[in-house]
Amino acid sequence: MDLFYRFIIYLHVASVIASIGPFFILMPIVKKLPDAIEKELEAYLALLKSVVRLSKHAGHVLIGTGVLLVILGPWTWKTPWIVGTLALLFASLFFLARAFSPTLRNFTEEGANKLELAAKLKRTIWIYIILLMSMLWFMVVKPNLW
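Residues numbered from 1 in each chain as written. Predicted model: local features only at pLDDT ≥ 70, side-chain atom pairs only at ≥ 80, totals over all residues. Heavy atoms only, no water.

Asker: What exactly am I supposed to notice about the overall build of the protein here?
Answerer: For the protein, the count of helices and strands is 4 helices and 0 strands. For the protein, the succession of helices and strands along the chain, N to C, is α-α-α-α. Considered along the principal axes of its C-alpha atoms, the protein spans approximately 55 × 30 × 20 Å. The contacts of the protein with a sequence gap of at least 6 include a subset with a gap of at least 24, amounting to 78%. Surface summary for the protein: the accessible area is close to 9000 Å², and the carbon and sulfur share equals 69%. Taking the 15 positively charged and 8 negatively charged side chains of the protein as two groups, their mean positions are separated by 12 Å. (Helix = DSSP H or I, 4+ residues; strand = E, 2+ residues; numbered from the N terminus. Contact = heavy atoms within 4.5 Å. Areas by Shrake-Rupley, 256 points an atom, 1.4 Å probe, with all protein chains shown as cover. Lys, Arg positive; Asp, Glu negative; His and termini not counted. Charge placed at Lys NZ, Arg CZ, Asp CG, Glu CD.)

Written out as structure tokens, the structure is:
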């Protein structure tokens, strides 16, 4: 059981890395979006969509392993840091579902203001990183809020 639990922790940490890490590489790409044309723009947008997709799938692993860790571990669902993590998790799920896809679709529209869309995308990426890093803080620090 101990080896199995440690393996789940490993998968949990790996999924956190896969969920957060790729968003940091997007910053230089987002800077290039306003000046990108046709094929170049398509390549950048495909990369952005792939990162969002990777984050979603890594999030599924993250949630699954998190549930297993709570069930098999010493904590309950009422533990303050777990409640805080879950609250941020639900906020990030709604944010992820609405934040990236509409903005990325707008880049391909005729007459789109790419500078404004790139700024919105950059802001969106930072908000998402902050949400994910806040969840990571809860999981690592495990604050006793009440």
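So that's the structure; there's more coming.
Asker: Teacher, can you tell me more about the layout of surface pockets here?
Answerer: One way to see where empty space is left: roll a probe the size of a water molecule over the atoms. As a volume, the largest pocket reaches approximately 480 Å³. Along the walls of the largest pocket sit 23 residues, with His12, Gly66, Leu69, Trp81 and Met139 positioned nearest its centre. Considering only residue class, the lining of the largest pocket consists of 19 nonpolar, 3 polar and 1 charged. Its boundaries defined by the atoms lining it, the second largest pocket holds a volume of some 210 Å³. Every residue lining the second largest pocket is counted, 15 residues in all, and those nearest its centre are Lys56, Gly59, Leu93, Leu96 and Tyr128. In terms of residue count, the dominant contributor to the lining of the second largest pocket is helix α2 (residues 38-72) (6 residues). Counted by class, the lining of the second largest pocket contains 9 nonpolar, 5 polar and 1 charged residues. (1 Å grid on protein atoms, 1.4 Å probe; cavity = no way out; pocket = protein on both sides within 12 Å on 5 of 7 lines; lining within 4 Å. Points joined across faces, edges and corners; volume = space filled by probe spheres on them. Nonpolar A, V, L, I, M, F, W, Y, C, P; charged D, E, K, R; others polar.)

Asker: Help me understand empty space enclosed by the protein in this model?
Answerer: A full pass over the atoms with the stated rule returns 1 cavity of 30 Å³ or more. Surrounding the largest cavity, Val16, Ser19, Ile20, Leu62, Leu132, Met135, Leu136 and Met139 form its lining. If you list the elements that add at least two residues to the lining of the largest cavity, you get α1 (2-32) and α4 (114-141). Sort the elements by how many residues they give to the lining of the largest cavity and α4 lands first, with 4 residues. Partitioning the lining of the largest cavity into residue classes produces 7 nonpolar, 1 polar and no charged.

Asker: Hey, could you run me through the UniProt feature "transmembrane region" (unreviewed entry) in the protein in this one?
Answerer: The feature "transmembrane region" (unreviewed entry), as given by UniProt, occupies residues 6-30, 58-75, 81-100 and 121-140 in the numbering adopted here. Secondary structure over residues 6-30 splits into 100% helix and 0% strand, and the C-alpha atoms at its two ends are 37 Å apart. The span residues 81-100 is 100% helical and 0% strand by assignment, and the distance between its end C-alpha atoms comes to 28 Å. (UniProt positions renumbered as here; feature names shortened; annotations may be inferred.)

Asker: Can you walk me through unusual backbone geometry in this structure?
Answerer: Trans is the common state for peptide bonds, and a negative phi is the common state for residues other than glycine. Even without being a glycine, Glu38 presents a positive backbone phi close to 30 degrees. Among the secondary structure elements, Glu38 is positioned in helix α2. With phi around 50 degrees, Lys142 is a residue other than glycine that occupies positive phi space. Tracing the backbone through its elements, the reader meets Lys142 in the segment after α4.

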